[in-house]
Each structure stands twice: as structure tokens, then as C-alpha cells.
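Read off the chains here:
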Amino acid sequence: MKIVVTGGGGFLGSHLCEALLRRGDTVWCLDNFSTGAPENVSTLRGNPRFRLVHTDVTAAFDVPGPLDAVAHLASPASPPDYDRLPLETLSVGSRGTENALRLAQRHDARFVLASTSEAYGDPETHPQPEEYWGNVNPVGPRSVYDEAKRYAEALSMAYRRSLGVDVGIVRIFNTYGPRMRPYDGRVVSTFVRQALAGHPLTIYGDGSQTRSFCYVDDLVRGLVAMVDSGHSGPVNLGNPSERTVRQLAELVLTITGSPVRIDHRPLPVDDPARRCPVITRAREQLGWAPVVPIEEGLRHTVAWFTDRCRPPLDGASYQARQEPVGT
Ligand code: NAD
Ligand code: UDP
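Student: Just to check I follow, could you spell out the site of ligand 2 for this structure?
Tutor: Taken together, the neighbourhood of ligand 2 is formed by 18 residues, with Val187, Thr202, Arg211, Asp271 and Arg275 sitting nearest. Between an oxygen atom of ligand 2 and a side-chain N or O atom of Asn174, the distance comes to 2.9 Å. Coverage of ligand 2 by the protein chains reaches 95% of its 520 Å² of free accessible surface. Taken together, the elements giving at least two residues each to the shell around ligand 2 come down to helix H5 (187-197) and strand S8 (201-204).

Okay, here's the thing in C-alpha cells:
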């Protein structure tokens, strides 16, 4: 297959490109590197079936020749990223999604939208099945992401219904693993980086809020299954093993062997109190379920961060190139 991956230079996108190349596909990776990094795909660049195009998908784009699928992952995804890039987030969710849909339509290709559990907002139904419509604040600080993704879902379904595009939507729940940016502000990358540096872990609020963390290899298997299926979705992709943020902090401290130091910070506005996917649809329609336990996934993540984030002996700075936002 020949597949376009928008956002292919990001955390999930780079793992997806790798998985597709591994099974013999030809991959065109489109990215503007607003939140991704060329290093994420540097090992793929020698592969003759891999093409990297540095482009912003909010401007119209095309790819030559026959095309089998478009996986649309381009979007800032971590709360600090979309807080810093609000207009860009809305733009890539709207214009970027429409450009990616048009590409799929022109080539009669399968289109897979990477939507999010944030479509459920701060859910009043727990755990969340795909039938749940969500509880989103349309004017709050998270709305630039949540509403952009909800619009992207609506647009994708309209292309399916009125133009016959073979659209599939996945709603991705919190995913972690190697290649997360150490300073992306997400909870796993932040806790692992802080623990390895011997800094206190910053728990927002009292840490009783929950998330359900999925290891990246599991998630990418689900994405590939959705590309290969004809299912319209939406389909939840996530690991239903739910934890409080405090439990996650304890696990990271245990795995890194760091001393227990916690620094409580204010809870961000509209931070969802709990989140856990119902994955019956993914099991039945895609034959997919996550298999990597969080302890194992965190060990791989810690090993990857250890290579990149170990403070130099003088403790002055991190080797990791990234913008330090907070501690
Ligand atoms: P990421 O920030 O690492 O990757 C996003 C990529 O999109 C980056 O490489 C970025 O440079 C690129 N991008 C952003 N705007 C672009 C534009 N206008 N044109 C071209 N490229 C652009 O984030 P991620 O965690 O890999 O997320 C990938 C996708 O999965 C996103 O759509 C996100 O909403 C979705 N998702 C991720 C998670 C998760 O836990 N990682 C959860 C839910 C949904
Ligand atoms: N969080 C935290 N400390 C941090 C970063 C995040 O306690 O340093 C909390 C955050 O408030 C949220 C949860 O961890 O309740 C998950 O945050 P993340 O940004 O990873 O994902 P999202 O909120 O988008 O699910």
C-alpha cells in the first residue's frame, strides 16, 4: 500500500510510519514540525519506500500517483502545546482535515482520522463508550483542541455520507512511550523526566483524577488495523486499565528508583476528572486489544528517557533538546 501519514514526524506518527514500512508499505510523511521533530524519523530516511515532506497541511497539498490511504494525525496534542498554539490547532483540525479528506477523495483512498478521547470532554458517563456524546466546554482553554477534533469528526462523516469517502475515525486515549518530548507537558513524559532528574513530581490537583494509559506499540497496532478495515468508527483505542495520577506518580517513582517527592500544583481549568475507554467495538470490529501492561511500557519509556535526559555530571542542564516549560 501507499499511505500518507500527516503528522508523521510526531510521537505517534513516527511509530506509525515505522510500522507501515516494516510490513512493506510505501509511506509519505507530511509534517511541519510544529510539535514533532525530524529526529523522530531520521532512521527511516534511508528507506527507499519512505518520503518526508516538510509541509503545513493547512495549505492544499497533493501526492503523486495512486494512493491507498491517508492517516491524518497532524495536530498539536498535548495541553501545553495546544494552549501555546490555539489558532494553529483549530486550523489543522478544520482546514488541515479538509485538505487531507480531499486528498483521500481525489485518490479514492481510505481516510483515517486520529480523533481523541477529549471529544468526550469531562465525561459524565463512565467508562466512555463511543455512543456517548461528551461534555465539552466550547469556550474553555481546551476547546481549541476538543472542538477542532469534534469538527474534524463531523467533517469526516459528512465526506463519508455525501461524497462516499471511505472514512474511519479512531478516538485515541492517553498514549505514552519512547519519542514523547521530555518537555511536552504530558503527565508520563513529565513524571519520567522529573524522576530521572531527581526533581519532585508535579501532581496537578490532589492527583485523584484518572486516565487510562496505552503503550504506543499497542496503539499503533490499532491504528494499522483501522487503516486496513472498512469500519467508519468512531472506535475507541486505549487501554481500559484506569489509574489515578497519584498512582501513576508512585509507579514512575518505583520503576526509576527515585525518592518520593511530590509537588502539588493547581489543577488546570476543565481538566477531566476521569477517563477510561470501553473497547468492545475495537475488540469486535478490529480484533484489537492492548497487551502491554503499564509496568512494562513504563520500563521501556524510562529506558528511552534515561538515554536522552540524564543530567550531565555538573547537573547544569539536560542533554535533551527541548523547550523547558515548567519543571
Ligand atoms: P505530536 O505533537 O507528537 O504529533 C503531531 C504531529 O503533527 C507533529 O509532528 C506536528 O509537527 C504535526 N503537525 C501539527 N500541525 C501540523 C500542520 N499544520 N501541518 C503538518 N503537520 C502538523 O502528537 P501525538 O501524540 O503524536 O499525536 C498525534 C495525533 O494523535 C494527534 O492528532 C492527536 O490529536 C492524536 N491523539 C494523540 C493522543 C496521545 O495520547 N498521544 C491521544 C489522543 C489523540
Ligand atoms: N498532570 C499532572 N502533572 C503534570 C502533567 C499533567 O498531574 O505534570 C495531570 C493533568 O492535570 C491530567 C493528567 O495528568 O489530569 C493527564 O495529563 P496529560 O496532559 O498527560 O493528558 P490529558 O489531560 O490531555 O489527558
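Student: Would you take a moment to explain the site of ligand 1 for this structure?
Tutor: Around ligand 1 there are 30 residues in total, and Asp31, Thr35, Leu73, Tyr145 and Lys149 lie nearest to it. At 3.2 Å from a nitrogen atom of ligand 1 is found a main-chain nitrogen or oxygen belonging to Asn32. Contact distances for ligand 1 include 2.8 Å between an oxygen atom and a backbone N or O atom of Leu73. When ligand 1 is considered free in solution it has 820 Å² of accessible area, and contact with the protein chains removes 96% of it. Contributing elements (two or more residues each) for the shell around ligand 1: helix H1 (11-22), strand S5 (110-116) and helix H4 (143-163). The biggest single contributor to the shell around ligand 1 is S5, with 3 residues. Residues belonging to the shell around ligand 1 are distributed by class as follows: 12 nonpolar, 14 polar and 4 charged.

Student: Can you help me understand the sheet that holds strand S1 (residues 2-6) in this one?
Tutor: Consider a sheet: its strands pair through backbone hydrogen bonds, and that pairing is either parallel or antiparallel. Spatial ordering of the open sheet is given by S3-S2-S1-S4-S5-S6-S11, a layout of 7 strands whose pairing is parallel. A single partner strand is all that each edge strand has here, and the edge strands are strand S3 (50-54) and strand S11 (235-237). Neighbouring strand axes in the sheet, compared pairwise and without regard to direction, differ in orientation by 20° on average. When S1 meets strand S4 (residues 69-72), the two strands line up parallel, connected through 4 bridges.

Student: Sorry if this is basic, but what is going on with the packing of H5 against helix H9 (residues 294-309) here?
Tutor: The description of two packed helices rests on the angle between their axes and on the distance between the axes. Here H5 crosses H9 at 60°, and the two axes come no closer than 10 Å. When the axes of H5 and H9 are compared, the pair comes out oblique. Considering only the axes of H5 and H9, their crossing is right-handed. Across from Val188, Ser189, Val192, Arg193 and Leu196 in H5, the residues of H9 making contact are Leu298, Thr301, Val302, Phe305 and Thr306. Of the residues contributing to the contact of H5 with H9, the split by class is 6 nonpolar, 3 polar and 1 charged.

The rules we used
- Residues numbered from 1 in each chain as written.
- Chains lettered and ligands numbered in written order.
- Predicted model: local features only at pLDDT ≥ 70, side-chain atom pairs only at ≥ 80, totals over all residues.
- Heavy atoms only, no water.
- Near = heavy atom within 4 Å.
- Polar contact = N/O pair within 3.5 Å; in protein donor to acceptor, adjacent residues only side chain to side chain.
- Areas by Shrake-Rupley, 256 points an atom, 1.4 Å probe, with all protein chains shown as cover.
- Helix = DSSP H or I, 4+ residues; strand = E, 2+ residues; numbered from the N terminus.
- Nonpolar A, V, L, I, M, F, W, Y, C, P; charged D, E, K, R; others polar.
- Pairing = 2+ DSSP bridges.
- Axes fitted to C-alpha atoms, helices over the stretch in contact; angles between N-to-C directions.
- Parallel < 35°, antiparallel > 145°, perpendicular 65-115°, else oblique.
- Left-handed = near helix turned anticlockwise from the far one by under 90°.
- Contact = heavy atoms within 4.5 Å.

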